[in-house]
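# Inside the fold
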Amino acid sequence: MKKCIVFAMAILVSVPMMAQIQSPQPSPASKLMQKVGLTDVTVEYSRPSMRGRTIMGNLVPFDKLWRTGANQNTMITFSTDAMVGDKTLKAGTYAVFTKPSASSWEVYFYTDTNNWGTPQEWSDDKVAASYTAEVMTMEMPVETFTITLDDLHNNGATLGMLWENTYVGVPFTVPAKEMTMKSIESVMKGPSANDYFAAASFYFQEGEDLGQAKKWIDKAVSMNSNAFWMMRVQSLIYAKMGDKKGAIEAAKRSLAAAKAANNADYVKMNEDSLKEWGAM
């Protein structure tokens with residue numbers, strides 16, 4: 001009986017797992033990534049082909065909601081806010097649905113992306129923005145449904161959709177100018193307290209010019225008088241430079257600020273240093 005069981009197990013172990021057949025998909029997935037100004041724009045969609053079929057008004061009916069591709073929702077993601085028409089699309093991901101007609105397409109940016117095809121129940125409340133795109137007829141047919149990001153400029157681009165002899169484009173804008181102006185203002189104001197702190201910490205940790213580290217940490221602390229973590233590094237730099245009095249004063253300020261912030265770790269570190277330096 002045992003021999004039969006062992007023999008049966010050996011047969012089971014020796015039978016290879018059936019491999020899954022891999023074959024090309026009729027509507028392969030595609031991912032388009034493009035920097036527009038300072039915004040990362042990503043489009044993910046599936047691409048059906050004509051294969052001898054009439055598309056507009058037939059495979060894609062007029063005046064009915066279309067998934068705008070195949071399979072899972074076509075999705076567009078903006079890393080910053082964007083504008084379509086007079087509507088703001090908050091940074092995030094949207095499903096793209098369309099309602100084609102012979103002369104124009106209604107293009108919808110839909111907040112619910114968890115649909116396979118079109119939503120079973122359409123909700124106007126989930127339309128973050130919409131745009132009426134004029135149909136442009138192309139002389140050369142496009143075999144495979146294609147989405148593009150064209151007409152790039154610093155502050156926007158055009159989301160294009162092409163299939164058969166039809167092209168529609170949806171222009172959108174991004175806040176590159178506003179973001180750049182803020183960046184310029186920030187940089188031109190000079191280094192922040194965190195910049196001075198980071199530079200001083202690096203010099204201290206790497207054993208570089210402590211005199212320069214002291215200038216930077218003093219500047220950082222002067223710009224943020226409640227930053228107990230900065231005052232902690234200030235005390236250590238002073239101590240390493242041999243300025244025991246300055247180190248104790250900085251540690252006491254750090255200790256008081258850490259207590260006010262209920263940060264037990266920095267309270268203990270400062271108390272340990274003050275004991276070591278004979279101040280407690």
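Only a predicted model underlies this, so the values are computations on that prediction, with no experimental measurement involved.

This part takes up a nonpolar patch on the surface. A contiguous nonpolar patch, built from Met181, Ile184, Val187 and Met188 and spanning about 430 Å² of accessible area, is present on the exposed surface. Note on placement: Met188 falls in helix α2 (residues 176-188). Look at Met188 and you get exposed, because its relative accessible area is 67%.

This part is about the pairing of strand β2 (residues 39-46). Of all the eight residues making up β2, six are buried; the element is thus mostly covered by neighbouring parts of the structure. Alignment of strand β1 (residues 29-36) against β2, held across eight bridges, turns out to be antiparallel. Of the residues in β2, the one forming a bridge with Ala29 is Ser46. Taking the residues that link successive antiparallel strands as the turn, the β1-β2 hairpin has two residues, and the phi of Gly37 there is positive, at about 65 degrees. Where β2 lies against strand β3 (residues 75-78), four bridges are found, and the strand directions are antiparallel. When the bridges of β3 are listed, Glu44 appears paired with Met75.

What counts as what
Residues numbered from 1 in each chain as written. Predicted model: local features only at pLDDT ≥ 70, side-chain atom pairs only at ≥ 80, totals over all residues. Heavy atoms only, no water. Patch = residues over 30% accessible without salt bridge, like charges linked within 9 Å, V, L, I, M, F, W, Y side chains within 5 Å. Areas by Shrake-Rupley, 256 points an atom, 1.4 Å probe, with all protein chains shown as cover. Salt bridge = Lys/Arg side-chain N within 4 Å of Asp/Glu carboxyl O. Helix = DSSP H or I, 4+ residues; strand = E, 2+ residues; numbered from the N terminus. Buried < 20%, exposed > 50% of the residue type's maximum accessible area, 1.4 Å probe, protein only. Pairing = 2+ DSSP bridges.

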